[in-house]
Structures are given as structure tokens and as C-alpha cells.
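# Observations on the three-dimensional arrangement
Single-letter residue listing:
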Amino acid sequence: MQITVERLLALMRDLKPTTGKGTTLPITRHVLVQDGWFAATDLSVYTRLACEEAAGEAMVLPMRLAEILAHERPSAVVTLTPEKGGVKAQAGSSQVELVSGNPDEFPPVPKMDGVLATGVVDGDRLVRALDEASAYAATEDSRVVLTTVCLDFAGQVAVAANGFALSIQPCQLPAPTDALKKALVPRDSVRTLVRLWKAYRRPDVSGVRTTADLALARCTVAMALTQVKMQLLFGQVEWYTDLTQGEFPNYQQLIPTEVNYRLTVHPAVLQGALGRLAPVVSENSIVRLSWGDGMLKLQAAAEGEQMSTSIPCQAEVLAPVPKDPPRIAFGHHLLLPFVRDCAARPGVLALEVKGPTSPALCTMGDRRFVLMPMYVAEDQPAKAVPVGT
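These notes cover the structure that comes with them. Only a predicted model underlies this, so the values are computations on that prediction, with no experimental measurement involved.

Reading the values: rules and limits
Residues numbered from 1 in each chain as written. Predicted model: local features only at pLDDT ≥ 70, side-chain atom pairs only at ≥ 80, totals over all residues. Heavy atoms only, no water. Pairing = 2+ DSSP bridges. Helix = DSSP H or I, 4+ residues; strand = E, 2+ residues; numbered from the N terminus. Axes fitted to C-alpha atoms, helices over the stretch in contact; angles between N-to-C directions. Contact = heavy atoms within 4.5 Å. Buried < 20%, exposed > 50% of the residue type's maximum accessible area, 1.4 Å probe, protein only. Polar contact = N/O pair within 3.5 Å; in protein donor to acceptor, adjacent residues only side chain to side chain. Phe/Tyr/Trp six-rings, centres within 6.5 Å; stacked < 30°, edge-to-face > 60°. Lys NZ or Arg CZ within 6 Å of the ring centre and 35° of its normal. Parallel < 35°, antiparallel > 145°, perpendicular 65-115°, else oblique. Left-handed = near helix turned anticlockwise from the far one by under 90°. Disulfide = S-S within 2.5 Å. Expected span 1.5 Å × (residues − 1).

## A closer look at the sheet that holds strand β9 (residues 117-122)
Within the open sheet, the eight strands sit side by side as β5-β2-β3-β4-β16-β15-β14-β9. Their pairing is antiparallel. Of all strands in the sheet, those bounded by a partner on one side alone are β5 (59-62) and β9. Looking at each pair of strands side by side, their axes are set apart by 20° on average, direction ignored. Here four bridges tie strand β2 (residues 30-34) to β5, and the two strands are oriented antiparallel to one another. Within the sheet, the bridge partner assigned to Val33 lies in β5 and is Met59. Lying over the sheet, helix α4 (residues 187-200) contacts β4 (45-50), β14 (220-225), β15 (229-234) and β16 (237-242), oriented at roughly 170° with respect to β16.

## A word on the sheet that holds strand β22 (residues 327-331)
Read from one edge to the other, the open sheet built from four strands follows the order β20-β19-β18-β22, with strand pairing classed as antiparallel. Edge positions in the sheet fall to β20 (305-312) and β22, since each of these pairs with one other strand and no more. The sheet shows a mean angle of 20° between the axes of neighbouring strands, direction not considered. Taken together, the five bridges between strand β18 (residues 286-292) and β22 define a ladder with antiparallel strand orientation. Residue pairing for β22: Ser290 is matched across the bridge by Arg327. Of the strands in this sheet, β18, β19 (295-302) and β20 are in contact with helix α6 (residues 267-276), which crosses β20 at around 165°. Packed onto the sheet, helix α7 (residues 332-343) meets β18 and β22 and runs at close to 90° relative to β22.

## Topic: the side chain of Arg187
Structurally, Arg187 can be placed in helix α4. Residue Arg187 is classed as buried on the basis of its relative accessible area, which comes to 10%. At 2.3 Å, the side chain of Arg187 forms a polar contact with the backbone oxygen of Ala138. Arg187 has contacts with Ser134, Ala137, Ala138, Thr139, Thr147 and Thr148, leaving out every residue within four places of it along the chain.

## What to know about the environment of Gln169
Within the fold, Gln169 resides in strand β12 (residues 165-170). A relative accessible area of 1% means that Gln169 is categorised as buried. Ignoring sequence-local partners within four residues, the contact set of Gln169 consists of Ala129, Glu132, Ala133, Gln156, Val157, Ala158, Arg367, Arg368 and Phe369. A distance of 2.8 Å separates polar atoms of two side chains, one belonging to Gln169 and the other to Ser167.

## Considering the packing of aromatic side chains
Within this structure, the stated rule accounts for six aromatic pairs. Both rings, one in Tyr136 and one in Phe369, keep their centres 5.4 Å apart while their planes meet at 50°; by these two values the pair is tilted. One end of the pair, Tyr136, is in the loop between α3 (123-134) and β10 (148-152); the other, Phe369, is in strand β25 (residues 367-371), and 233 residues separate them in sequence. Relative accessible area serves as the criterion here: at 10%, Tyr136 is assigned to the buried category. What links up through ring pairs into an aromatic cluster is the set Tyr46, Phe106 and Tyr240. The side chain of Arg48 reaches across the aromatic face of Trp37, ending 4.2 Å from its centre.

## Some remarks on the packing of α3 against α4
For the pair α3 and α4, the least separation of the axes is 10 Å and the interaxial angle reads 135°. Taken together, the axis directions place α3 and α4 in an arrangement best described as oblique. Here α3 and α4 pass one another in a crossing that is left-handed. Residues Gly123, Asp124, Val127, Leu130, Asp131 and Ser134 of α3 pack against Arg187, Val190, Leu193, Val194 and Trp197 of α4.

## Some remarks on the state of the cysteines
In total, this model carries zero disulfides according to the counting rule given. With no disulfide partner, Cys150 has as its closest neighbouring cysteine sulfur the one in Cys171, 10 Å distant. Overall, the relative accessible area of 0% leaves Cys150 in the buried class. Looking at Cys219, it has no disulfide partner, and the nearest cysteine sulfur is the one in Cys171, 16 Å off. Assessed through its relative accessible area of 0%, Cys219 is described here as buried.

## Focus on α3
An α-helix turns once every 3.6 residues. As a result, residues three or four positions apart point the same way. With twelve residues, α3 extends 16 Å from end C-alpha to end C-alpha; this agrees with the ideal 16 Å at 1.5 Å per step. A side-chain oxygen of the first residue of α3 lies 3.1 Å from the backbone nitrogen of Asp124; this N-cap is Asp122.

Everything listed here is a matter of coordinates, which is why it stays silent on function.
Right, here's the structure in full:
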């Protein structure tokens, strides 16, 4: 097999996140080359990248080969020859023989037995929703379902929750079936998919006649799901992931339906206000929000020091006579990254609030978030509000 250094390094770079990291099955730390494909797996995710040069006898390439060839000219041609238990690579006057393994021992392509749902969907919307929701998935494995992104086929949304915040992102999914209404995609699987999508997304150019048509062309993904696996096909990529088994929390019951106030602010302005509080903010600080007369006041304190700042906002009273005061408080560790993410996107941020002890519904366009408050009694320390997840 012959391939340029540039092409080989790109394939191995894109497959590296999918290679095995442990020692349960050592061969998964390598890349399989067989029948026109480069493949890698960590036994949870399986990725195949089409490659015309990958013809001839099957072989297994150790990831170390990429480090060795990184010093060669990108346009140089590499000749790869399978050896017993390894591979020989020659580029110009350089030659190296490396131990890798027997291709027959490499895990086979996953079988999609018992497919429950299929469809061709907008890939940009799907991957963006998975990516944005995954930022709110739990990082601790104490409750495994919370380390996933839930695809809700009835709601056409991707959802993630970590006990402090809930992210609900719209996307296009196949229609729900009686046997499959939700699928739980592991957070780590989402990360590998996002990297591949950025490198291999290709618009559907059928019917494209102008550059304007090309700009509007959709990048589609063919989806197939069983009870335990999901397969995505796009461009030169075949991608499979195991699905987490379990019951995702009923996120609908966490979305506030009774609110007294609606605040509208520019997230960049809110981010600036949080930045001004930085001198008195610590990792565990609470940021108190209160509003009135067209202004939103932010207060924080740490180690006896206090600071406040105010920004313009549009505040609406939705209840005839609200019983709850116009204030709420959030953990700084939750509020700052959320606002920073919103400030990076166009549009205004709307917060719908019932009162100090109820979750806040935040929306930007069709993106929805629920933030859990820290209850702060007047002149009393803050305490977390229990969350029923």
C-alpha cells in the first residue's frame, strides 16, 4: 500500500481519539487498514474512514508510526507492508519495522441487528445540539445516565443535565417508534463525533448551481439506531457508538411553567458585569440578582468583602400580584460559564423566574436552559435548592 505522509497522518490523527486507552485489548491501541477503510475503536466507539489507498492485504498500524513519519515531507510517499505481527514502513531513504498485531484479532465492525429507527437528518443541527448539550452533562459517574446526552425523538431535542443545570437543544431526529423513544449517547462519544464532523462534514451539492446555493446546502447524516447502538454515516465516515442503558430523568418536570418575572438582557453586558465582580469572587461564591426600575443588580461577597454592580435590563411582571420577591441567586461556578457561552452567540438572553427558590428558565432563540438557584435568605448563608433529578 502506498499513501502520502500528509494523508496518512491526517487519517491517524482523526482516528486517535477513538483508539483504546487501556490494556484490556491491546490491539485497540492501533489502527486497522482493510478493504478501503482505516478503522479504530475503544470498544465503545467504532470509527471507519474511507481511503482509496487502503487496498491489498490487511494490516494493523501502531499510533507510534505517526510520530515517526511526522518528520518526513508531507508530499513524500509511504510504502506500507504487513509483516508477521507488525508492519514495515518506508518513506524515501527511511525504513522502520514496528510491532502491531494480527488484523484478524482486531474487533469487527459492529452489527446493527434489530434496527428500531432510521432517517436522514440535518447533520449540522444534530451535531451542534449534541455538542452544546454535552457541556451540561455530568462529569462524575455516580449516576451514569447523567453523563449522557438524551436524544428525545418525540421532542426532537438533545438534553443533558448535571444536577445544577439542564440544557435542551433543538435538533432533527428520526420519528419516535413504540420501541424507541429516547437514546442516551455517552458524553465521551459526543466529543469524538464533534471532532470528526468538523473534519469530514460535506454539504449535499445536488442541485447546487450558485455559491449562494452552496452556502445554504445541508450537510446530512444517515442515522440508524438499535436498542444498544447508534450508527451515523456522513461523507467518508462510518461512526458507531454504544448507547447507555437506563432511564433518563423526566426533564420536562424541571422546566418552569409558573413564572412571575421575565428579564431580558444582552449576555455580553451581563458577562461584563460578572467580570467586574471578579475581585471579590471565589470558587464557591454566590451571585445574587435583583431587579427593578429597568436595572439588574448583581451582588457577590467573599471573605467579608462585598461588591455590587448594575446593568440595564428589560423586566416584565407576569403575575398580577407576585408573591415572590424579584430576586434569585446562582453559584458563580454555574452562572459565569453559562453567560460566557451565551455571550459568544448573537441574540438576547431571556430569564423567566418565579422566585428565589425556583429554577430559572433561560432562552436564547430556540435554545433552552434551566438553571438551579442557590436559595439565599436575607442576610443568611446560601444553600443549594434540592433538585429532583
